[in-house]
Amino acid sequence: MERKIVLKKDILEALSEVGVSKGQDVMVHTSLSSLGFVCGGAQVVIEALLETVGSEGTIMMPAQSWKNLDPSSGVHWEEPEDWWPLIRENWPAYDKDITPTNTMGAVAEMFRRWPGALRSNHPARSVSAWGLNAEYLTANHDLSDIFGDSSPIGKLYDLDGMVLLIGVGYDKNTSLHLADARAEYPGKHNSIEHSAVMENGCRVWKRYETLYVDGNDFNEIGEAFENTCTVHKTMLGNGTVRLMKQRELVDFAVRWMEENRT
């Protein structure tokens, strides 16, 4: 496929075409490279999003720093096992103002530092948000409720928010983890995780229990969802933009998981 150039006006037009509008609360997942050449890069994508929802709306993006997990979980797969104790002892404590995102993309990395953006306190699974409901969405992100009802994803459900995929598939759709937290199916289980955090002014390697994170079937769920429910789609450069209602997606995915995960 011939690589295309994407201008800010193209992004604004695509957002309008799928139905992003003033006052919406939108969880956004992006892949800049999948769109082609975006003239202005991450900056113009963020500008277009904020201008479209306005100050009466909210934009939220993943800001995960999952390298701040125990090496035994596989996050430091490239390093030898005899280094793991040193990683546990020396990995920097999470600081929402400093800690970079891990593989969230250029847009999410720039967005976490955008003027007015707030970031949640989870040391490995944080989100960033800007706009009317940013404080509500990012507050009190509990260690053990990464993607559940009290998490930013659960709060977006309470707000009847939207999910916007820009150049990415459902494997990047964090809202499906809320469905995972709600669904009942055989084999569902918790896991013990560890992250470096600050407590009482000291860095500690914090142990916590949370739902095991599994998204291997998310693309399959997304395909089934699009065959059943309304997803507004348009092309932007070389990529596809999708907008959907988060509640519809989560409720559908709960049913799908309970019927198909065995």
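Predicted model, so just to flag it, every value in this text is computed and none were measured.

Asks: Give a description of the pairing of strand β9 (residues 202-211) that names residues and reports values.
Replies: The pairing of strand β8 (residues 190-199) with β9 spans ten bridges and is classified as antiparallel. By the bridge assignment for β9, Ser-191 is matched with Thr-210.

Asks: Explain the nonpolar core to me, and be specific about the residues and the numbers.
Replies: Ile-11, Leu-49, Ile-59, Met-61 and Leu-164 are the most contacted members of the largest nonpolar core, which totals 38 residues. Every element with two or more residues in this core is listed here: α1 (8-18), β2 (25-30), α2 (41-53), β4 (58-62), α4 (106-111), β7 (162-166) and β11 (239-245). Take this core: its biggest share by element is eight residues, from α2. When sequence neighbours within four positions are dropped, the list of residues in contact with Leu-49 reads Leu-15, Val-28, Ile-59, Met-61, Leu-164 and Ile-166. In this structure, Tyr-170, Leu-176, Phe-225 and Phe-252 belong to the second largest nonpolar core, which totals 34 residues.

Asks: Give me the lowdown on helix α9 (residues 246-260), citing residues and values where you can.
Replies: The end-to-end C-alpha distance of α9 is 20 Å, a good match for the 21 Å that 15 residues give at a rise of 1.5 Å each. At its buried positions, α9 is contacted by α6 (152-158), β7, α7 (176-182), α8 (218-228) and β11.

Asks: Got a sec to walk through the pairing of β7? Specific residues and values, please.
Replies: When you tally the buried positions in β7, you get five out of five residues, the bulk of the element. Side chains Met-162, Leu-164 and Ile-166 project from β7 onto one buried face, and the interleaved Val-163 and Leu-165 project onto a second face that is buried too. The sheet contact formed by β2 and β7 spans five bridges and is parallel. When the sheet's bridge partners are listed, Thr-30 is paired in β7 with Ile-166.

Asks: Outline the packing of α8 against α9, listing residues and values.
Replies: Relative to each other, α8 and α9 sit at 115 degrees, their axes nearing to 10 Å. For the pair α8 and α9, the crossing hand works out as right-handed. For the pair α8 and α9, the contacting residues are Phe-218, Glu-220, Ile-221, Ala-224, Phe-225 and Thr-228 in the first and Glu-248, Leu-249, Phe-252, Ala-253, Trp-256 and Met-257 in the second. Here the contact of α8 with α9 is composed, by residue class, of nine nonpolar, one polar and two charged.

Asks: Tell me about the side chain of Ser-151, and name the residues and values.
Replies: Relative to the assigned elements, Ser-151 resides in the loop between α5 (134-138) and α6. If near-sequence neighbours (up to four positions away) are discounted, Ser-151 is found in contact with His-141, Asp-145 and Ile-146.

The rules we used
Residues numbered from 1 in each chain as written. Predicted model: local features only at pLDDT ≥ 70, side-chain atom pairs only at ≥ 80, totals over all residues. Heavy atoms only, no water. Pairing = 2+ DSSP bridges. Helix = DSSP H or I, 4+ residues; strand = E, 2+ residues; numbered from the N terminus. Core = buried A, V, L, I, M, F, W, Y, C linked by side-chain atoms within 4.5 Å. Buried < 20%, exposed > 50% of the residue type's maximum accessible area, 1.4 Å probe, protein only. Contact = heavy atoms within 4.5 Å. Expected span 1.5 Å × (residues − 1). Axes fitted to C-alpha atoms, helices over the stretch in contact; angles between N-to-C directions. Left-handed = near helix turned anticlockwise from the far one by under 90°. Nonpolar A, V, L, I, M, F, W, Y, C, P; charged D, E, K, R; others polar.

Geometric values such as these leave the question of function open.
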